[in-house]
Amino acid sequence: MKEKLVFSEAPRVGGTLVWYYLICKRQVWLMARGVEADKDDESLALGRLIDESSYKRIRHSVSFGDSKFDLLKEESGVLVIGEIKKSSRSIKAARLQLAHYLYELAKFGTEARGELLFPKEKKREDVVLTEDLKLKLDQIYKGILEVTTSSSPPKVYKCKYCGNCAYQELCWS
Ligand code: SF4
């Protein structure tokens, strides 16, 4: 049976951890341990460039608790949180990451809606926080706790995300 580590406080769950949990649990463990991803990794650099050059008239990179919203704006008195992605390839994970932001805001009594934005594909999707999404997120938070309190990382396994992952050198060399 895997050993569980005991920390003085629960792991801080930001939207990026939710995203990684749905992409690769090993990434969650590495991130939670503060293992730095390769900052020169091309996919990270491209992500930053798209973030910086899209939607210039809206507030960018707004921190809230352990999360950082790509975009924040107000429309007809409603707060809108935007999440920019390079592609819609992992749209399910992107939806849940954005729903996590909406859930965090709801816990503080702030209602907001979300917009997933794929500037390269000229695509957009609205995300509304539903009871179903809340239930899914509650399960994900439990899963993240499991992964992050384990003394060793989940085993490395080849998946479709390895090729673009900033940890690939660490996992596969
Ligand atoms: S390289 Fe692959 S196995 Fe390693 S963290 Fe990235 S996605 Fe996960």
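For the structure itself, look to the data block above.
Here we summarise the structure given alongside this text. (Residues numbered from 1 in each chain as written. Predicted model: local features only at pLDDT ≥ 70, side-chain atom pairs only at ≥ 80, totals over all residues. Heavy atoms only, no water.)

1. Considering the overall build of the chain
The line we're drawing: Numbering of helices and strands starts at the N terminus; helices are DSSP runs of H or I of at least 4 residues and strands are runs of E of at least 2. Buried residues are those whose accessible area, probed at 1.4 Å on protein chains only, stays under 20% of the maximum for their type, while exposed residues exceed 50% and partly exposed ones sit between those limits. We call two residues contacting when some pair of their heavy atoms lies within 4.5 Å. Accessible areas in this description were obtained via Shrake-Rupley with a 1.4 Å probe; residue shielding takes into account the shown protein chains only.
Counting its secondary structure elements, the chain contains six helices and five strands. Counting helices and strands in the order they occur from the N terminus, the chain gives α-α-α-β-β-β-α-β-β-α-α. Per-residue burial over the chain gives 41% buried out of 173 residues. For the chain, restricting intrachain contacts to residue pairs at least 6 apart in sequence, the fraction spanning at least 24 positions comes to 68%. Carbon and sulfur atoms make up 53% of the accessible area of the chain, which amounts to about 10,600 Å² in all.

2. Description of the pairing of strand β4 (residues 112–118)
Our working rule: Pairing between strands requires that DSSP locate at least two bridges from one strand to the other. Place the viewer so that the strands point away; then a crossover is right-handed whenever the path from the first strand over the helix to the second strand goes clockwise.
For β4, a buried count of six out of seven residues is recorded, marking the element as mostly surrounded by other parts of the structure. Bridge analysis of strand β3 (residues 78–84) against β4 gives six bridges, and the strand direction is parallel. Bridging across to β4, isoleucine 81 finds its partner in glycine 114. Where the polypeptide runs from β3 across helix α4 (residues 91–107) and back to β4, its parallel neighbour, the crossover connection is right-handed. Looking at chain direction, β4 and strand β5 (residues 123–127) are connected through five bridges and run antiparallel.

3. Here's the deal with the side chain of lysine 85
Worth spelling out the cut-off: Think of a polar contact as two N or O atoms within 3.5 Å of one another; within protein, one of them needs to be a possible hydrogen donor and the other a possible acceptor, and neighboring residues in sequence only count if both atoms come from side chains.
Looking at the element boundaries, lysine 85 is found in the loop between β3 and α4. You can call lysine 85 buried: its relative accessible area is 11%. A polar contact of 2.8 Å, which involves the side chain of lysine 85, links it to the side chain of glutamine 97. Here lysine 85 is in contact with Trp19, Ala94, Gln97, Leu117, Phe118 and Pro119, once residues within four sequence places are set aside.

4. A look at the nonpolar core
Cut-off, in case you're wondering: By convention a nonpolar core is built from buried Ala, Val, Leu, Ile, Met, Phe, Trp, Tyr and Cys residues, the set being connected through side-chain atoms within 4.5 Å.
If you look at the biggest cluster of nonpolar residues, it comprises 41 residues, and the most contacted ones within it are Val18, Val28, Ile81, Leu116, Leu137, Ile140 and Ile144. Among the elements of the structure, α1 (15–23), α2 (25–32), β2 (67–75), α4, β4 and α5 (131–148) are those that each provide at least two residues to this core. Broken down by element, the residue count for this core peaks at 10 residues, all from α4. Excluding residues that lie within four positions of it along the chain, isoleucine 144 makes contacts with Val13, Leu17, Val18, Tyr21 and Val28.

5. A short note on the environment of lysine 85
As a C-alpha pair, lysine 85 and leucine 116 span 31 residues in sequence and 7.5 Å in three-dimensional space. There is a polar contact of 3.0 Å between the side chain of lysine 85 and the side chain of glutamate 83.

6. Remarks on the pattern of salt bridges
Charged atoms that come close allow side chains of opposite charge to pair. Put simply, the rule reads: One speaks of a salt bridge when a side-chain nitrogen belonging to Lys or Arg is within 4 Å of a carboxyl oxygen belonging to Asp or Glu.
Enumeration over the complete set of coordinates arrives at 13 salt bridges. Aspartate 126 serves as the salt-bridge partner of arginine 124, at 3.2 Å between the closest nitrogen and oxygen. Residue aspartate 126 is classed as partly exposed on the basis of its relative accessible area, which comes to 45%. If you follow the salt bridges from partner to partner, you end up with Lys73, Glu75, Arg113, Glu115, Arg124 and Asp126 in one network.

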